[in-house]
Amino acid sequence: MSSSFNKENKNDIYKIVLPSPYGFTKLHYLENVFMDNTKSMILTKYDQEMKSTDTKSFNLPKLGLRASDLQEVIELDSQLIFLSTVMDKKLGKHQVNAQVYLSKESSVSDNKILASFEIEKYSRSGFYQISISPDKSKIAIVANMPYEKKKKETVKVWVYDNQLNLLWEQKETLTYNSEKVYEEKLFVQNSGEVIMSKKTNSHKKTRKSELLIFNSNSVDIVDFSSTDFMPMQTKLIEVNGNPMLTGFFWDGKTVIIKTNQTEGVDNDGAFLFDLNTKKLLGAHKWNNTINSKDLKSLQVISVNVINDDIYLLGEKQLETSEFKKGGNSMTTEIDYFYTYGSSVLVNIDTKGTLKSFKNLFESKKYKNNEKEKGSFSSLYLEDGLRIFSNYNKKESKYRGIMVNSFFFDNQISFLKPKITIPNYNYPVVPYVLSKTIKEVKNYNILYYITNYGDRYWFNKTTW
């Protein structure tokens, strides 16, 4: 463990990036910055002993007086690509920016504008979607153009390689009515082909999902739903070089899906869809091997493809907010509440056959910045699926990092970090920030951040 440190601001986000046998880099920035004029990214290098050696900071680019909003950080072998978006009414533009951090040189490139379109006002400013291919070789950007009454939806598509060379672009007027909000999710294959999963009439019996496939010259539309199959949360994966979509679905048996249900929206099982054949390989409803009552509003946490097995991990995630209680009745401060869990592990083979369902963790609620201790992450280590989380059994007093193993005969022996707390009679196991766990490939090294109270630690585990 490193020496403990404190956050500069309670809303700071800390991530471990560019891990190597010789150390790692910490990416640090402020979440939910409401000041428009400056948004800083801070990169600090750490050596094998987890001591800082160099710091580089830079600002996201401005358009007029407005600073960009961070959208994606693409991590390559020795560089980071920062993608951000910004709009300005006076200049009449809405654009996507790219800045490249080179680790060896500790340098940041000048801003490159990857996409731009004209706007007249913020209420009709359109929006961008950005997607990265599974192998990180392609970047797709889709612009949903500003809403126009009684007009059809228009989109622009740009595809870049990871050196920010434009490969192709395309503009299409679709058959859907222009709206201010759409239910869409964007994917880009390793080949560069762009796929948009689009839902229409979401809260009606006529709900429908389609796949729009862009290839630089045309757009093809493929049915992605049927009477008893409505895909919900979806992820693009590569299975032996073959692109597929996997995730969770709703069977359409309930009358209407209400997105504001506090208990979450229905999910009824997991699926696998082959993009080459445009066929649903498998749609498997929850069975009596698991308790599926609380498996609602499932987000795809991760998908591991190992040989002929697909391990799909999903978790219920909900977010609510309310004005802070007490104090000044005119306060505008807001408390945010996050629910993580219940969660599920699905094992499907690459032909779409179900092998197993398994319940994972119970539901846990967090308030404001405590959310960083929520959820979990997975790695396939030592020929087994390892899930890193924080112990949250309601009937137990124990808290802190835990590692569970699946699909492997032997449980790994994980030496948990421990800290000393004043007035405690025994060492305490800190919480893990599961989204910070990074593996150094081929070197049997893990880096991650732990937390207890207002203190944080960098950790290095080897085996």
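Residues numbered from 1 in each chain as written. Predicted model: local features only at pLDDT ≥ 70, side-chain atom pairs only at ≥ 80, totals over all residues. Heavy atoms only, no water.

Caption draft 1: The overall build of the protein chain, seen in detail. Along the protein chain, the regular secondary structure elements total 0 helices and 35 strands. Radius of gyration (C-alpha) of the protein chain: 23 Å, near the 23 Å computed for a compact globule of 463 residues. Its C-alpha atoms give the protein chain principal-axis dimensions of roughly 70 × 55 × 55 Å. By sequence separation, contacts in the protein chain at least 24 residues apart represent 49% of the contacts at least 6 residues apart. (Helix = DSSP H or I, 4+ residues; strand = E, 2+ residues; numbered from the N terminus. Rg over C-alpha atoms; globule rule 2.2 N^0.38 Å. Contact = heavy atoms within 4.5 Å.)

Caption draft 2: View of a positive patch on the surface. A surface patch of like charges, here positive, comprises Lys 121, Arg 124, Lys 149, Lys 150 and Lys 180. Assignment of secondary structure puts Lys 121 in the loop between strand 11 (112-118) and strand 12 (127-132). (Patch = residues over 30% accessible without salt bridge, like charges linked within 9 Å, V, L, I, M, F, W, Y side chains within 5 Å. Areas by Shrake-Rupley, 256 points an atom, 1.4 Å probe, with all protein chains shown as cover. Salt bridge = Lys/Arg side-chain N within 4 Å of Asp/Glu carboxyl O. Lys, Arg positive; Asp, Glu negative; His and termini not counted. Charge placed at Lys NZ, Arg CZ, Asp CG, Glu CD.)

Caption draft 3: Local environment of the sheet that holds strand 30 (residues 384-390). In spatial order, the strands read 29-30-31; together these 3 strands make up an open sheet with antiparallel pairing. Either end of the sheet is taken by a strand with one partner, and the two such strands are strand 29 (377-381) and strand 31 (401-406). Strand after strand, the sheet turns through a mean of 25 degrees between neighbouring axes, direction not considered. Where strand 30 meets strand 31, 6 bridges bridge the pair, whose relative direction is antiparallel. The residue bridging Arg 386 from the neighbouring strand is Ser 405, located in strand 31. (Pairing = 2+ DSSP bridges. Axes fitted to C-alpha atoms, helices over the stretch in contact; angles between N-to-C directions.)

Caption draft 4: Structural context of the packing of aromatic side chains. Applying the stated rule across the entire model yields 25 aromatic pairs. With a centroid separation of 6.1 Å and 80 degrees between ring planes, the pair formed by Phe 388 and Phe 414 is classed as edge-to-face. Taken together, the residues Phe 388 in strand 30 and Phe 414 in the loop between strand 31 and strand 32 (431-432) connect sequence positions 26 residues apart. Through successive ring pairs, a cluster of aromatic residues spans Phe 5, Tyr 14, Phe 24, Tyr 46, Tyr 447, Tyr 456 and Phe 458. The ring centre of Phe 5 lies 5.9 Å from the NZ or CZ of Lys 26, which sits over that ring. Here Arg 66 stacks its cationic end above the ring of Tyr 122, 4.8 Å away from the centre of that ring. (Phe/Tyr/Trp six-rings, centres within 6.5 Å; stacked < 30°, edge-to-face > 60°. Lys NZ or Arg CZ within 6 Å of the ring centre and 35° of its normal.)

Caption draft 5: Region of the structure containing the pairing of strand 25 (residues 309-323). Both strand 24 (residues 298-306) and strand 25 contribute to a ladder of 8 bridges, which runs antiparallel. Along strand 25, the bridge assignment pairs Asn 304 with Tyr 311. Taking the residues that link successive antiparallel strands as the turn, the strand 24-strand 25 hairpin has 2 residues, and the phi of Asn 307 there is positive, at about 55 degrees. Pairing geometry for strand 25 and strand 26 (residues 334-349), over 14 bridges, is antiparallel. Note that in strand 26 the partner of Phe 323 across the bridge is Ile 334.

Caption draft 6: Seen up close, the nonpolar core. Residues Leu 83, Leu 114, Tyr 128, Ile 139 and Ile 141 are the most contacted members of the largest nonpolar core, which totals 21 residues. Residue assignment for this core shows that the elements contributing at least two residues are strand 8 (79-88), strand 9 (93-102), strand 11, strand 12, strand 13 (138-144) and strand 14 (152-161). Setting aside chain neighbours within four positions, we find Leu 114 in contact with Leu 83, Val 96, Ala 98, Ile 141, Trp 158, Tyr 160 and Leu 164. Membership of the second largest hydrophobic core comes to 18 residues, among which are Phe 248, Val 303, Ile 348 and Phe 357. (Core = buried A, V, L, I, M, F, W, Y, C linked by side-chain atoms within 4.5 Å. Buried < 20%, exposed > 50% of the residue type's maximum accessible area, 1.4 Å probe, protein only.)

Caption draft 7: Quick peek at the pattern of salt bridges. According to the stated counting rule, one finds 14 salt bridges in the structure shown. Across the salt bridge formed by Glu 439 and Lys 441, the nearest N and O atoms sit 3.3 Å from each other. Relative accessible area serves as the criterion here: at 57%, Lys 441 is assigned to the exposed category. Through salt bridges with shared partners, a single network forms among Glu 153, Glu 184 and Lys 198.

Caption draft 8: Just a nonpolar patch on the surface, in detail. A contiguous nonpolar surface patch, about 270 Å² in accessible area, is contributed by Phe 323, Ile 334 and Tyr 336. Its location among the elements puts Tyr 336 in strand 26. For Tyr 336, a relative accessible area of 30% puts it in the partly exposed group.

Caption draft 9: Summary view of the environment of Glu 72. Examined against the element boundaries, Glu 72 turns out to sit in strand 7 (residues 69-75). Through-space distance from the C-alpha of Glu 72 to that of Ile 130 is 7.9 Å; in sequence the pair is 58 residues apart. If sequence neighbours within four positions are ignored, Glu 72 has contacts with Ile 81, Phe 82, Leu 83, Ile 130 and Ile 132.

Caption draft 10: Up close: the pairing of strand 2 (residues 23-30). Of all the 8 residues making up strand 2, 7 are buried; the element is thus mostly covered by neighbouring parts of the structure. Bridge count between strand 1 (residues 12-20) and strand 2: 7 bridges; the pairing is antiparallel. Within the sheet, the bridge partner assigned to Ser 20 lies in strand 2 and is Gly 23. Taking the residues between adjacent antiparallel strands as the criterion, strand 1 and strand 2 are bridged by 2 residues. Two strands pair when backbone bridges link them, and strand 2 and strand 3 (residues 40-46) are joined in this way by 6 bridges, in the antiparallel orientation. Looking at the pairing, Leu 27 lines up with Leu 43 of strand 3.

Caption draft 11: Local environment of the sheet that holds strand 3. Strands sit in the order 1-2-3-4 across an open sheet of 4 strands; the sheet is antiparallel. The open sheet has two edge strands with one neighbour each: strand 1 and strand 4 (52-59). Neighbour-to-neighbour, the strand axes of this sheet turn through a mean angle of 20 degrees, independent of strand direction. As paired strands, strand 3 and strand 4 are joined by 7 bridges and run antiparallel to one another. By the bridge assignment for strand 4, Ile 42 is matched with Ser 57.

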